[in-house]
Amino acid sequence: QVQLVESGGGSVQAGGSLRISCVASGYSMSTYCMGWFRQAPGKEREGVAAIDSDGSTSYADSVKGRFTISKDHAKNTLFLQMNSLKPEDTAMYYCAAGPGGGSCHPHSMGVGYWGQGTQVTVSS
């Protein structure tokens, strides 16, 4: 049974920081492409950041320089450190895993598993 569980969301003021986490169960994320997606009301779900099995990272242009994706294999946990938050970052953030190999980028990763999401709200 593969399961992804996010935590750490909340409400912060613009310019603030937040770190969200995703704990994976039922498989080892060390060989997976892992990513973070987000979806705001009325908008399509978009890829935010991705990290490959070798630790290589990539980001959507909208968050580049502000967000950092990382992982802890020993804890089977994925992180997203979000700094300099903006109101437009407000969304439900989803953890995703791509077990099938191939491209590992926010816009192109193939997702096999999704978490339930954690809400991030940034006030102006």
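Residues numbered from 1 in each chain as written. Predicted model: local features only at pLDDT ≥ 70, side-chain atom pairs only at ≥ 80, totals over all residues. Heavy atoms only, no water.

Participant: Can you break down the sheet that holds strand E8 (residues 77–82) residue by residue, with the values?
Facilitator: Taken together, the four strands give an open sheet; going across it, the order is E1-E3-E8-E7, and neighbouring strands pair in antiparallel fashion. What marks the edges here is a single partner per strand, and that holds for strand E1 (3–7) and strand E7 (67–72). Strand-to-strand twist of the sheet, defined as the mean angle between neighbouring strand axes without regard to direction, takes the value 15°. Pairing of E7 with E8 involves six bridges; the strand directions are antiparallel. Each residue of the ladder has a partner; that of Ser70, found in E8, is Phe79. (Pairing = 2+ DSSP bridges. Helix = DSSP H or I, 4+ residues; strand = E, 2+ residues; numbered from the N terminus. Axes fitted to C-alpha atoms, helices over the stretch in contact; angles between N-to-C directions.)

Participant: Break down the pattern of salt bridges for me, with residues and values.
Facilitator: Taken as a whole and judged by the stated rule, the model has four salt bridges. With its nearest N and O atoms 2.9 Å apart, the salt bridge here joins Asp89 to Arg38. Here Arg38 lies in strand E4 (residues 33–39) and Asp89 lies in the loop between E8 and strand E9 (91–98), a separation of 51 residues in the sequence. Considered together, Asp89 and Arg38 belong to a single accessibility category, that of buried residues. The residue Arg66 makes a salt bridge to Asp89 at a minimum N-O spacing of 2.7 Å. Of this pair, Arg66 sits in the loop between strand E6 (57–59) and E7 while Asp89 sits in the loop between E8 and E9, placing them 23 residues apart in sequence. By the burial criterion, Arg66 is buried, and Asp89 matches it. Taken together, the salt bridges that share partners define one network made up of Arg38, Glu46, Arg66 and Asp89. (Salt bridge = Lys/Arg side-chain N within 4 Å of Asp/Glu carboxyl O. Buried < 20%, exposed > 50% of the residue type's maximum accessible area, 1.4 Å probe, protein only.)

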